[in-house]
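Each chain, written out:
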Amino acid sequence: MAKLTVRDLDVRGKRVFLRVDYNVPLEEKDGQMVITDDTRIVATLPTLKLLIEKGGKLILTAHLGRPKGKRDVTMSLKPVAARLSALLGKPVTFVDDCIGDKVEKAVAAMKDGDVVLLENVRYYNEEEENDPAFAEKLAKVADVYVNDAFGAAHRAHASTEGVARVVAKRGGKCAAGLLMERELKFLGDELDRPARPFVVILGGAKVSDKIKVIDRLLEKADVLLIGGAMAYTFRLAQGYKTGKSLVEPDKTDTARAALEKAKAKKVKFLLPVDDVIAVPVKTDKLDKKGKPVIEYQNARTSTDMNCPDDAAGLDIGIGTIKAYSAEIAKAKTILWNGPMGLFENKQFAIGTNAIALAVADATRKNGAKSIIGGGDSVKALNRAKLGDKVTFMSTGGGASLEFLEGAVLPGVAALSDKSI
Ligand code: 3PG
Ligand code: MG
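Let me begin by describing the structure that accompanies this report.

Another point: the sheet that holds strand 12 (residues 275–286). As a general point, the strands of a sheet are linked pairwise by backbone hydrogen bonds and lie either parallel or antiparallel. The sheet built from 3 strands is open, its strands ordered 13-12-14 with antiparallel pairing. Pairing within the sheet leaves two strands with one partner each, and these edge strands are strand 13 (292–302) and strand 14 (312–316). Geometrically, the sheet is characterised by an average inter-axis angle of 40 degrees between neighbouring strands, direction not taken into account. Two strands pair when backbone bridges link them, and strand 12 and strand 14 are joined in this way by 4 bridges, in the antiparallel orientation. Paired with V276 across the two strands is D315, which belongs to strand 14.

Attention shifts here to the site of ligand 1. Around ligand 1, the surrounding shell consists of D21, N23, R40, H63, R66, R122, G151 and R155. The separation between an oxygen atom of ligand 1 and a polar side-chain atom of N23 is 3.0 Å. Within the side chain of R122, a nitrogen or oxygen atom sits 2.8 Å from an oxygen atom of ligand 1.

Tallying each qualifying case throughout the model produces 28 salt bridges. With its nearest N and O atoms 3.9 Å apart, the salt bridge here joins E104 to K140. With E104 in helix 4 (residues 101–108) and K140 in the loop between helix 6 (132–139) and strand 7 (144–147), this residue pair connects regions lying 36 residues apart in the sequence. Look at E104 and you get partly exposed, because its relative accessible area is 31%. Taking the relative accessible area as the measure of exposure, K140 reaches 51% and is therefore exposed. A salt bridge links R364 to D361; its shortest N-O distance comes to 3.4 Å. A residue pair is termed a helical-turn pair when its members lie 3 or 4 positions apart in one helix, as R364 and D361 do in helix 13 (residues 350–366) at 3 residues. Residue classification places D361 among the partly exposed positions, given a relative accessible area of 27%.

Our next topic: the nonpolar core. In this structure, F17, L138, I214, L224, I226, F234 and F269 are the most contacted members of the largest nonpolar core, which totals 65 residues. Not counting the four nearest positions on each side in its chain, F17 is found in contact with I59, T61, L118, L138, V141, A142, V144, Y145, V146 and V163. Core analysis: the second largest hydrophobic core is formed by 34 residues, V11, I35, M75 and A81 among them.

As a further point, take the side chain of K261. Tracing the backbone through its elements, the reader meets K261 in helix 11 (residues 252–264). For K261, a relative accessible area of 19% gives the class buried. A distance of 3.1 Å separates the side chain of K261 from the backbone oxygen of D215, its partner in a polar contact.

Taken as a whole, helix 6 has its buried residues at F134, A135, L138 and A139. Each buried residue of helix 6 sits inside an arc of 140 degrees when the element is viewed along its axis, so together they form one side. As for helix 6, its buried residues are in contact with strand 1 (15–19), helix 5 (125–128) and helix 7 (158–169). The N-terminus of helix 6 is capped by D131, whose side-chain oxygen sits 3.2 Å from the backbone nitrogen of A133.

In contact at an axis separation of 9 Å, helix 9 (residues 207–217) and helix 10 (residues 230–237) are set at 85 degrees when each is read in the N-to-C sense. The angle between helix 9 and helix 10 places the two elements in the roughly perpendicular class. Contact residues: V207, K210 and I214 in helix 9; M230, T233 and F234 in helix 10. Among the residues forming the contact of helix 9 with helix 10, the class breakdown is 4 nonpolar, 1 polar and 1 charged.

Rules used in this analysis
Residues numbered from 1 in each chain as written. Chains lettered and ligands numbered in written order. Predicted model: local features only at pLDDT ≥ 70, side-chain atom pairs only at ≥ 80, totals over all residues. Heavy atoms only, no water. Pairing = 2+ DSSP bridges. Helix = DSSP H or I, 4+ residues; strand = E, 2+ residues; numbered from the N terminus. Axes fitted to C-alpha atoms, helices over the stretch in contact; angles between N-to-C directions. Near = heavy atom within 4 Å. Polar contact = N/O pair within 3.5 Å; in protein donor to acceptor, adjacent residues only side chain to side chain. Salt bridge = Lys/Arg side-chain N within 4 Å of Asp/Glu carboxyl O. Buried < 20%, exposed > 50% of the residue type's maximum accessible area, 1.4 Å probe, protein only. Core = buried A, V, L, I, M, F, W, Y, C linked by side-chain atoms within 4.5 Å. Contact = heavy atoms within 4.5 Å. Arc of directions from axis to C-beta. Parallel < 35°, antiparallel > 145°, perpendicular 65-115°, else oblique. Nonpolar A, V, L, I, M, F, W, Y, C, P; charged D, E, K, R; others polar.

Here it is, written out as structure tokens:
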């Protein structure tokens, strides 16, 4: 059933408890935490502006990182309040707690259209535990609940689920924000009734991460294009040697089952016809996590389905790029999730960038609807400066994946149904 949205709400003079996903990447610069990508903040502006216009008092709550119940200044939402204020062009009051007196005082001082941002809700363990007493404490300043945090909607936490239950029990309304509504439209409705051909591009490291999505999309798609390291688990399943490529030997049965299902459903299931391979060598240098930096030597394209013992497959080759681009060019609906190779390394970003370009071209030339399912594929598109050349980019990572798997997201389930 369709969920109530902010459009349906009368919020004038009401306290709107608004859950957003401001889990943005931060970097320390000269002792200050600096936001390196504000996409998730920008994505909530339509909801905020609408609710401000409608005269609500906006109390924003969010998490940042995984502080595990402790106050950690590197995960404070304070820098987010400053950025949000700049983007909105109006003051945003930051409260350095998410429950208690400080919050109640700040909220009592609010006028219609004011905005308050509360401190990281995960400074309390009770958030992730979805503790009912904690949800009650959060709900103390809520007349209405709005969830615009699609990226966190797969979590049944106090601020994404518990509070909604409390507000609903009191007879208050719980609605989806405009971003949440858009995410559900593009990742849900649009893919349920896709214009055909419907081409799905799936990449990433592991078959195990994507198998449920593959299984579900085999019911809907006309073409599936596989890239990334997970392609090598399929190769292994077909009896080829995979050298030092990242593989999941215990998932070859799963891979074989997917290939068989594709055949039975008459879905065109394409695997790479060539690869960029290289010899990984451990160096003495350590990365940020203290692991040895790997250098890749003797990178080259190989059309041999067997990978040499000392080499790893790291990107799709030019033949695959051509074959996949040709399928993408015919598409009317495109869903892309997961990079085609180790794109963080420039040497192995060519395949991912070429697919990004093919998707952007199909969108512009064919009017194809292109939907990017969050996470690394969004990063890749943004790096290639093609982010605005696709129809929709999800702000969710894990949430998009779970939603595409067909899961009911707890943060969505807790919202009020639209009355007919
Ligand atoms: C995310 O970035 O994946 C969401 O904000 C959810 O965060 P989590 O994975 O730490 O729950
Ligand atoms: Mg996550």
